[in-house]
Amino acid sequence: MVQTIALVDDDRNILTSVSIALEAEGYEVRTYTDGDEAHRALSSRPVDLAVLDIKMPRMDGMELLQRIRQNSAMPVIFLTSKDDEIDELQGLRMGADDYIKKPFSQRLLIERIKALLRREVLNATGGKGTVEPGSVMVRGELVLDNARHSCTWKGQEIDLTVTEFLLVKALAQRPGHVKSRDQLMDAAYGEHIYVDDRTIDSHVKRLRKKFKVADADFAQIETLYGVGYKYRDA
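The shown structure was predicted, so the numbers you read here are calculated from the model rather than taken from an experiment.

Let us now look at the pattern of salt bridges. Applying the stated criterion to the full structure yields 17 salt bridges. The closest approach of N and O atoms between Arg-30 and Glu-28, which form a salt bridge, is 3.4 Å. Its relative accessible area of 33% is what places Glu-28 among the partly exposed residues. Close ionic contact of Asp-97 with Arg-69 constitutes a salt bridge, the shortest N to O distance being 3.3 Å. Placement of the pair is Asp-97 in the loop between α4 (85–94) and β5 (98–101) and Arg-69 in helix α3 (residues 61–71), with a sequence separation of 28 residues. We classify Asp-97 as buried; its relative accessible area is 14%. Taking the relative accessible area as the measure of exposure, Arg-69 reaches 24% and is therefore partly exposed.

Further remarks concern the nonpolar core. A general trend in soluble globular proteins is that nonpolar side chains are found buried together. Core analysis: the largest hydrophobic core is formed by 49 residues, its most contacted members being Leu-22, Val-51, Ile-113, Leu-142 and Phe-211. With eight residues, helix α6 (residues 162–172) is the single largest residue contributor to this core. If we ignore the near neighbours within four places in the chain, the residues touching Ile-113 are Ile-5, Leu-22, Tyr-27, Leu-49, Val-51 and Ile-77. Among the nonpolar cores identified, the runner-up in size contains 22 residues, and Ile-54, Ile-68, Met-74 and Tyr-99 belong to it.

Taken in spatial order, the three strands line up as β10-β12-β11 in an open sheet, and their pairing is antiparallel. Strands at the two margins of the open sheet, each flanked by one partner only, are β10 (178–180) and β11 (221–224). The mean angle between the axes of side-by-side strands here comes to 30°, regardless of whether they run parallel or antiparallel. Note: β10 against strand β12 (residues 228–231), three bridges, orientation antiparallel. In the strand pairing of β12, Lys-179 is matched with Tyr-229. Contacts from α6 reach β10, β11 and β12 within the one sheet, and its direction differs from that of β12 by about 70°. Here helix α7 (residues 181–189) sits on the sheet and contacts β10 and β12; the angle it forms with β10, its principal contact strand, is near 75°.

It is the contact of α6 with α7, at a shortest axis distance of 8 Å, that shows an interaxial angle of 130°. In terms of orientation, α6 lies oblique with respect to α7. For the element pair α6 and α7, the recorded crossing hand is right-handed. Taking contact as the criterion, the partners of Thr-163, Leu-166, Leu-167, Ala-170 and Leu-171 in α6 are, on α7, Leu-184, Ala-187, Ala-188 and Tyr-189. When grouped by side-chain class, the residues that make up the contact of α6 with α7 number eight nonpolar, one polar and no charged.

Moving on to the packing of helix α2 (residues 35–44) against α3. Packing of α2 against α3 leaves a shortest axis separation of 9 Å and a crossing angle of 15°. The angle between the axes of α2 and α3 places the two elements in the roughly parallel class. Pair α2 / α3 crosses with right-handed handedness. For the pair formed by α2 and α3, the contact residues are Gly-35, Ala-38, His-39 and Leu-42 on the first element and Leu-64, Arg-67 and Ile-68 on the second. Here the contact of α2 with α3 is built from residues that sort into four nonpolar, two polar and one charged.

A word on the pairing of strand β4 (residues 76–80). Within β4, five of the five residues are buried, which leaves it mostly tucked inside the rest of the structure. Here β4 shows two buried faces, one formed by Val-76, Phe-78 and Thr-80 and the other by Ile-77 and Leu-79. Where strand β3 (residues 49–53) meets β4, four bridges bridge the pair, whose relative direction is parallel. Opposite Leu-52, over in β4, you have Phe-78 as the bridge partner. At this point the chain moves from β3, through α3, to the parallel β4, and the crossover so formed is right-handed. Where β4 meets β5, four bridges bridge the pair, whose relative direction is parallel. Bridge assignment links Leu-79 to a residue of β5, and that residue is Ile-100.

Cut-offs and rules
- Residues numbered from 1 in each chain as written.
- Predicted model: local features only at pLDDT ≥ 70, side-chain atom pairs only at ≥ 80, totals over all residues.
- Heavy atoms only, no water.
- Salt bridge = Lys/Arg side-chain N within 4 Å of Asp/Glu carboxyl O.
- Buried < 20%, exposed > 50% of the residue type's maximum accessible area, 1.4 Å probe, protein only.
- Helix = DSSP H or I, 4+ residues; strand = E, 2+ residues; numbered from the N terminus.
- Core = buried A, V, L, I, M, F, W, Y, C linked by side-chain atoms within 4.5 Å.
- Contact = heavy atoms within 4.5 Å.
- Pairing = 2+ DSSP bridges.
- Axes fitted to C-alpha atoms, helices over the stretch in contact; angles between N-to-C directions.
- Parallel < 35°, antiparallel > 145°, perpendicular 65-115°, else oblique.
- Left-handed = near helix turned anticlockwise from the far one by under 90°.
- Nonpolar A, V, L, I, M, F, W, Y, C, P; charged D, E, K, R; others polar.
- Right-handed = clockwise from strand over helix to strand, strands pointing away.

So this is what it looks like as structure tokens:
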């Protein structure tokens, strides 16, 4: 069954180029140039995943997400500018599943889409017959399910974006070993994609906050100033 993706952005060049890339991957793509148009269409013709720009005319991405969440739990990825950190935080709190900063790599966006859709299929089927050996990583109280991109700490689920999940996985793979920001960048975004060091730092800061909601004493992710980060030995 072909999966359907909605692209909502007022930049027609982005709509065209991303649509071509996604259709080449076998997805059906529906494009909209503003939030109001998208909301009316999605209300009657639901999709499997939506990619939303934050800043759009008539109805911005935040309001569109809020309306989507009234009736649907489908995955949503935000496209943001480098100055939208406050909007990113608000969007994640409102129920966005991940965000990607402009300008972005189409390959990165496609990989994020595939990961979220794979997670949705596994959740819908209960994961029966789909979990591969070794897909679950256990590090003391930390459990990472790579197939579902799910994370638990002391039995409590930690709601992570795909990027955050990949960062935790990279750190926890070798407890006690330091990961530089460049190594974490490669783990979360793939090789040949550069993001500012501060982006990695922001992700780690948010990770700590999320874990501390579940456990105020969480201190497994250590900072080595000028070097990088490491996951403490259990």
